[in-house]
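# Working through the structure, step by step
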Amino acid sequence: MTVQRAQQAEEIPASWRWVEPAVWTVRMLTALEQGVKGDKWFRLNDKVFAERNLLAAFQKVAKKKGAAGVDHETVYGFERRLPDAILELSDALKSGRFTPQAIRRVHIPKPGTKETRPLGIPTVRDRVVQAAVVNVIEPIFERDFAEHSYGFRPGRGCKDALRRVGERLDQGHVHVVDVDLKGYFDSIPHDRLMARLETKIADGPTLRLIESFLKADILEDAKQWTPEEGAPQGAVLSPLLSNIYLDPLDHLMAEHGFEMVRYADDFVILCQTAEEAVRALDMVKGWVEENGLTIHPTKTRIVDARTTPFDFLGYTFCGQEHWPRKKSIQKLRDTIREKTPRTNGRSLQCVIADVNRVLRGWFAYFKHSSHRRVYARQDGWVRMRLRSILRRRNRRRGHGHGWDHIRWPNAFFAEHGLYSLVTAHATVVQSSRR
């Protein structure tokens, strides 16, 4: 099977290299590009329950790990019984006996705030089936998604969206419509979402399977209930379904010449005049209301980016500059704080190694900040946390300060391998100049 998949992957055009070869053959991709009769796809269910697709789906689920659902089965536990588990799923899907289990809902903190957001955790079994469905239907919709949509799409990401925003600002699109959809994932109307799916899919069993996931019970605080709307965040299918639902809005904006940049439910519209921005916002409000969604009344606004900052995907933009937003910095510090309690019993080397992983990941995303001071400030704060640990071990109280900078100078931490954001940024600058 591995050899066949490798040979097939070599024949697939580069633009479709991301598709799951266990499902999509060259012949199917050719039909996708040329268009099928009626622009609708039939007989997809047999591809969903194919054992090779379910196995490929499990491998994707396993890479992301994730917590156990209501049945308490972990990814490792599912893997231990993998052959039988795949056969059971395939038989249940083929016979129509498959029924999704309840989704365990938890609330996780929103970065840099005291608020929380709901996160749905399906069982591993259900995540595998959802991934198998995504393997089958994603290319069908991906073909026609708008160019300015970047969230949860193959070969695209946050940095691409940020780059587009920066380019449009440089071109004079400084009147920004900053839109916030209130509780988007939990408010998508099921009937209208299914109607979107039916524009390209005419396979009854596949549509019923997707709808069953939308209507799967939610288990929260020992109470179980059935949702009437929404696609729970955390479910494998939800990112694709959320893009499918907002796709008509993407094309509406493009048809009217508006420069929109969207990442999932987070989007901005960049206009050249204030009047254009007002028209864009009015159009968005009309579409949102017609499609059963809600715009957040206080978080949605129009700003002149030359003088008023706005936030997008972790960055703050204003004028010709951009830097990590306050919540992004707060999230970094909260994560570091958890790893550097003053009563930490681990060796300094272990603590630094743990901190370094966080700093490297943060810098990989925020290395393009136009405010260089932000790196020095975070470096200094991290060293303060480490000095506080060392003070405690020397039977001293409080945060690292004063003479601690002489006892444990910056060079001391550099010698112990502490990752420096300032040094990393200087390296990036030198590389770009070369």
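Residues numbered from 1 in each chain as written. Predicted model: local features only at pLDDT ≥ 70, side-chain atom pairs only at ≥ 80, totals over all residues. Heavy atoms only, no water.

## Thoughts on the overall build of the protein chain
Operational definition: Numbered from the N terminus, helices here are DSSP runs of H or I no shorter than four residues, and strands are runs of E no shorter than two. Here the globule rule is a power law, 2.2 Å times the number of residues to the power 0.38, and the radius of gyration is based on C-alpha atoms. Whether a residue is buried, partly exposed or exposed follows from its accessible area with a 1.4 Å probe, protein chains only, as a fraction of its type maximum: under 20%, in between, or over 50%, in that order. Working rule for contacts: check all heavy atoms of both residues, and any pair within 4.5 Å makes them a contact. Note that accessible areas follow from Shrake-Rupley with a 1.4 Å probe, and for residues the cover is restricted to the protein chains shown. We score Asp and Glu as negative and Lys and Arg as positive, and we do not count His or the chain ends. Note on charges: their place is set at NZ of Lys, CZ of Arg, CG of Asp or CD of Glu.
Across its full length, the protein chain holds 19 helices and 11 strands. A compact globule built from 434 residues would reach a C-alpha radius of gyration of about 22 Å, and the protein chain, at 25 Å, matches this within 12%. Counting the 434 residues in the protein chain, one finds 47% classified as buried. Excluding contacts between residues fewer than 6 apart, the proportion of contacts in the protein chain whose partners are at least 24 apart in sequence is 69%. Approximately 22100 Å² of the protein chain is accessible, and the part contributed by carbon and sulfur atoms is 50%. Taking the 70 positively charged and 54 negatively charged side chains of the protein chain as two groups, their mean positions are separated by 10 Å.

## Some remarks on helix α7 (residues 124-142)
Using the following cut-off: Multiply 1.5 Å by the residue count of a helix minus one, and that product is the helix's expected span. Throughout, the bend at a residue refers to the angle made by two axes, fitted to the seven residues ending there and to the seven starting there.
An ideal rise of 1.5 Å per residue puts 27 Å on 19 residues; α7 measures up with 25 Å between its terminal C-alpha atoms. Taking the largest bend as the criterion, α7 deviates by roughly 40°, centred on valine 136, and proline proline 139 comes between one and four positions later.

## Things to note about the packing of aromatic side chains
Going by this rule: Stacked, edge-to-face and tilted are the three classes for Phe, Tyr and Trp ring pairs, Trp counted by its six-membered ring, which pair at centre distances within 6.5 Å; planes under 30 degrees apart are stacked, over 60 edge-to-face, the rest tilted. We count a charge as sitting over a ring when the NZ of a lysine or the CZ of an arginine lies within 6 Å of the ring centre and within 35 degrees of the ring normal.
Under the counting rule described, the total for this entry stands at 15 aromatic pairs. The interplanar angle of 25° and the centroid separation of 5.4 Å between the aromatic rings of phenylalanine 58 and phenylalanine 78 together place this pair among those described as stacked. Here phenylalanine 78 lies in helix α5 (residues 75-80) and phenylalanine 58 lies in helix α4 (residues 51-64), a separation of 20 residues in the sequence. Residue class for phenylalanine 78 comes out buried when judged on its relative accessible area of 1%. With centroids separated by 5.7 Å and ring planes inclined at 50°, the aromatic side chains of phenylalanine 152 and tyrosine 263 adopt a geometry described as tilted. Here phenylalanine 152, found in the loop between α7 and α8 (158-170), pairs with tyrosine 263, found in strand β6 (residues 259-263); they are 111 residues apart in sequence, far enough to count as distant. On the basis of relative accessibility, which here comes to 43%, the residue phenylalanine 152 falls in the partly exposed class. Exposure remark for tyrosine 263: the relative accessible area of 17% places this residue in the buried category. Taken together, the ring pairs in this structure connect Phe310, Tyr315, Phe317, Trp362, Tyr365 and Phe366 into an aromatic cluster. In this structure, arginine 196 packs its charged tip against the face of tyrosine 245, placed 4.2 Å from the ring centre.

## Quick notes on the sheet that holds strand β1 (residues 103-109)
Spelled out, the test is: The pairing criterion for strands is at least two bridges between them, as found by DSSP. Only the contacting stretch of a helix is used when fitting its axis, a line to C-alpha atoms as for every element, and angles between N-to-C directions run 0 to 180 degrees.
Taken in spatial order, the four strands of this open sheet run β2-β1-β4-β5, and their pairing is mixed. Each edge of the open sheet carries a strand with a single partner, namely β2 (116-121) and β5 (223-225). Sheet twist, expressed as the average angle between the axes of neighbouring strands with direction ignored, equals 35°.

## Thoughts on the environment of arginine 306
Spelled out, the test is: What qualifies as a polar contact is a pair of N or O atoms within 3.5 Å, subject to a donor-acceptor requirement within protein and to the restriction that residues adjacent in sequence count only when both atoms come from side chains.
Turning to its location among the elements, arginine 306 is positioned in the loop between β8 (301-304) and β9 (310-312). C-alpha of arginine 306 to C-alpha of proline 83: the two residues are 223 residues apart in sequence and 59 Å apart in space. Residues in contact with arginine 306, not counting those within four places in the same chain, are Val174, His175, Cys318 and Gly319. Separated by 2.8 Å, the side chains of arginine 306 and aspartate 304 make a polar contact.

## Thoughts on helix α16 (residues 373-393)
The terminal C-alpha atoms of α16, which comprises 21 residues, lie 31 Å apart, in line with the 30 Å expected from a rise of 1.5 Å per residue. Across the 21 residues of α16, 15 count as buried, placing the element largely inside the fold. Looking one or two residues beyond α16, the residue adopting positive phi is arginine 395, at roughly 60°.

## Observations regarding the sheet that holds strand β3 (residues 175-180)
Read from one edge to the other, the open sheet built from four strands follows the order β6-β7-β3-β8, with strand pairing classed as antiparallel. Only two strands of the sheet have a single neighbouring strand rather than two, namely β6 and β8. With direction set aside, neighbouring strand axes in the sheet form an average angle of 20°. Two elements, β6 and strand β7 (residues 266-271), share five bridges in a ladder whose sense is antiparallel.

## Structural notes on the pattern of salt bridges
The condition that has to hold: By convention in these notes, a salt bridge is any Lys or Arg side-chain nitrogen within 4 Å of a carboxyl oxygen on Asp or Glu.
By the definition in use, this model includes 27 salt bridges. Put simply, aspartate 250 and arginine 262 hold a salt bridge, and the shortest N to O gap is 2.7 Å. In this pair, aspartate 250 is assigned in helix α12 (residues 238-255) and arginine 262 in strand β6, connecting sequence segments 12 residues apart. Comparing aspartate 250 with arginine 262, the two get one shared label, buried. Note that aspartate 304 and arginine 306 form a salt bridge whose closest N and O atoms lie 2.8 Å from each other.

## Regarding the nonpolar core
Here is the rule: Side-chain atoms within 4.5 Å are what join buried Ala, Val, Leu, Ile, Met, Phe, Trp, Tyr and Cys residues into a set we call a nonpolar core.
In this structure, Trp24, Val128, Ile269 and Val284 are the most contacted members of the largest nonpolar core, which totals 74 residues. In terms of residue count, the dominant contributor to this core is α7 (11 residues). Core analysis: the second largest hydrophobic core is formed by 45 residues, Ala264, Ile352, Phe366 and Met384 among them.

## Describing the side chain of asparagine 356
Locating asparagine 356 in the fold gives a position in helix α15 (residues 348-366). Asparagine 356 sits in the buried class, given a relative accessible area of 5%. A distance of 2.7 Å separates a polar side-chain atom of asparagine 356 from the backbone nitrogen of tyrosine 419. Leaving out residues up to four positions away in the same chain, asparagine 356 has contacts with Gly417, Leu418 and Tyr419.

## A closer look at the packing of helix α10 (residues 190-198) against α12
In plain terms, the rule: Here the angle decides the label: under 35 degrees means roughly parallel, over 145 means roughly antiparallel, 65 to 115 means roughly perpendicular, and every other value means oblique. Only Asp, Glu, Lys and Arg are considered charged, only Ala, Val, Leu, Ile, Met, Phe, Trp, Tyr, Cys and Pro nonpolar, and every remaining residue, Gly among them, polar.
Packing of α10 against α12 leaves a shortest axis separation of 10 Å and a crossing angle of 85°. The orientation of α10 relative to α12 falls into the category roughly perpendicular. Within the contact between the two elements, α10 uses Arg192, Leu193, Arg196 and Leu197 and α12 uses Leu241, Ile244, Tyr245 and Pro248. Grouping the amino acids of the contact of α10 with α12 by side-chain chemistry returns six nonpolar, no polar and two charged.

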